[in-house]
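Listed here are the chains, written in short residue letters.
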Amino acid sequence: MKIKLLLCSSLLFLTIKINAQTPDENALKKVVGLENESIINRDTVTWKSLYVHDEKMRRSYISNSGIFSVQGWNNLLSLVQQSLKVNPSPSKYTEVKDDNYIIRMDDNMASLEYDQKISAPRIDSLKPYYSHEFRTMMKVDNQWKIASSTTIDSLSFTSGDSAHIEDNLNATGYRLLNAKKIKDAIEVFKVNVKLFPHSWNVYDSLGEAYADDNNSDAAIKNYEMSLKINPKNDNGKQALEKLKKKK
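Before going into details, it helps to say that this report is about the structure given with it.

Cut-offs applied
- Residues numbered from 1 in each chain as written.
- Predicted model: local features only at pLDDT ≥ 70, side-chain atom pairs only at ≥ 80, totals over all residues.
- Heavy atoms only, no water.
- Patch = residues over 30% accessible without salt bridge, like charges linked within 9 Å, V, L, I, M, F, W, Y side chains within 5 Å.
- Areas by Shrake-Rupley, 256 points an atom, 1.4 Å probe, with all protein chains shown as cover.
- Salt bridge = Lys/Arg side-chain N within 4 Å of Asp/Glu carboxyl O.
- Helix = DSSP H or I, 4+ residues; strand = E, 2+ residues; numbered from the N terminus.
- Buried < 20%, exposed > 50% of the residue type's maximum accessible area, 1.4 Å probe, protein only.
- Contact = heavy atoms within 4.5 Å.
- Pairing = 2+ DSSP bridges.
- Axes fitted to C-alpha atoms, helices over the stretch in contact; angles between N-to-C directions.
- Parallel < 35°, antiparallel > 145°, perpendicular 65-115°, else oblique.
- Left-handed = near helix turned anticlockwise from the far one by under 90°.
- Nonpolar A, V, L, I, M, F, W, Y, C, P; charged D, E, K, R; others polar.

Considering a nonpolar patch on the surface
At step 1: A cluster of nonpolar side chains, contributed by Ile165, Val191 and Leu195, occupies part of the molecular surface with about 230 Å² of accessible area.
At step 2: Its location among the elements puts Leu195 in helix H6 (residues 182-195).

Written as structure tokens, this is what we have:
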């Protein structure tokens, strides 16, 4: 009984010690909490303040569609500004919950691993978005900032939600396109258009495939449809301009 009591006491001590939060751990959690909240609210001033602004900064996104990575603060900033230009209104996803943290740190460097849930509690049609997150943090001028960021889109590997199906088909089409299997890519993009006729991106992708197949008329038709749905699609505008100049 004495041994059992000592064991229970030790476990209780360990639990208390593990759950205790240092000021630096709380500061780290605050930074990653603000990361998505600032994007959701289109608060670019706060968002910019959370990052290390150098050429080694990296943002990676891993899903069933593949791996997307951008390196360098200026490249990331340009990408986000372009995205916000296309989608300037605040996101309908309004709640970010981070949980199950694993934090390792020394005086000026830290790594975080955690689960993230982004949801829109008041909109039933928008299902929660789950991911597993990794951050490398640096202390700059006594403030913790994000030096690298990786997201694993957990649901994309198993979900049957329409957004994931559209993304996966689109990625498959581009893999075929990059492999010079243009006719096959066109067929995949056509299926995506059939399944998601209200998405501007599926028409943009099909337009690109037709352009690679030297079918200017079909390419122009699909780019025009993409721009009808999303007039702010700058990529589509530029591609359409080039195609019409060739005719």
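That shown, we press on.
Here we look at the side chain of Ser63
At step 1: Mapped onto the elements of the fold, Ser63 is located in strand E1 (residues 58-63).
At step 2: Here Ser63 falls in the buried class, since its relative accessible area comes to 11%.
At step 3: The residues contacting Ser63, other than those within four sequence positions of it, are Asp153, Ser156 and Phe157.

A short note on the pairing of strand E6 (residues 143-152)
At step 1: Both E1 and E6 contribute to a ladder of 5 bridges, which runs parallel. Paired with Arg58 across the bridge in E6 is Ser148.
At step 2: The loop that links strand E5 (residues 129-140) with its antiparallel partner E6 comprises 2 residues; one of these, Asp141, has a positive phi angle of about 50 degrees.

Topic: the pairing of strand E3 (residues 95-105)
The side chains of a regular strand alternate between the sheet's two faces.
At step 1: Relative to strand E4 (residues 109-119), E3 runs antiparallel, the two being bridged by 9 bridges. The residue of E4 that forms the bridge with Lys97 is Lys117.
At step 2: Hairpin connection between E3 and E4: a loop of 3 residues separates the two successive antiparallel strands.

Digging into the sheet that holds E5
At step 1: Here 6 strands make up an open sheet; going across it, the order is E2-E1-E6-E5-E4-E3 and the pairing mixed. In this open sheet, the two strands that pair with only one neighbour each are strand E2 (66-71) and E3. Between one strand axis and the next, the sheet turns through 20 degrees on average, direction left out of account.
At step 2: Running over the sheet, helix H2 (residues 23-40) touches E3, E4, E5 and E6 and is turned about 145 degrees from E3.
At step 3: The sheet strands contacting helix H4 (residues 73-86) are E1 and E2, and the helix crosses E2 at an angle near 115 degrees.

Description of the packing of helix H5 (residues 162-178) against H6
At step 1: With their axes 7 Å apart at the nearest point, H5 and H6 run at an angle of 165 degrees to one another. By the angle between their axes, H5 is roughly antiparallel relative to H6. Considering only the axes of H5 and H6, their crossing is left-handed. The segment H5 lies against H6, with Ile165, Glu166, Leu169, Asn170, Thr172, Gly173, Tyr174, Leu176 and Leu177 engaging Ile182, Asp184, Ala185, Val188, Phe189, Val191, Asn192 and Leu195.
At step 2: Considering only residue class, the contact of H5 with H6 consists of 11 nonpolar, 4 polar and 2 charged.

A closer look at the packing of helix H8 (residues 216-229) against helix H9 (residues 234-246)
At step 1: Between H8 and H9, the shortest axis-to-axis distance is 9 Å and the interhelical angle comes to 150 degrees. Accordingly, the angle class assigned to the pair H8 and H9 is roughly antiparallel. Of the two elements, H8 crosses H9, and the hand of that crossing is left-handed. Between H8 and H9, the residues in contact are Ser216, Ala219, Ile220, Tyr223, Glu224 and Leu227 and Gly236, Lys237, Ala239, Leu240, Leu243 and Lys244, respectively.

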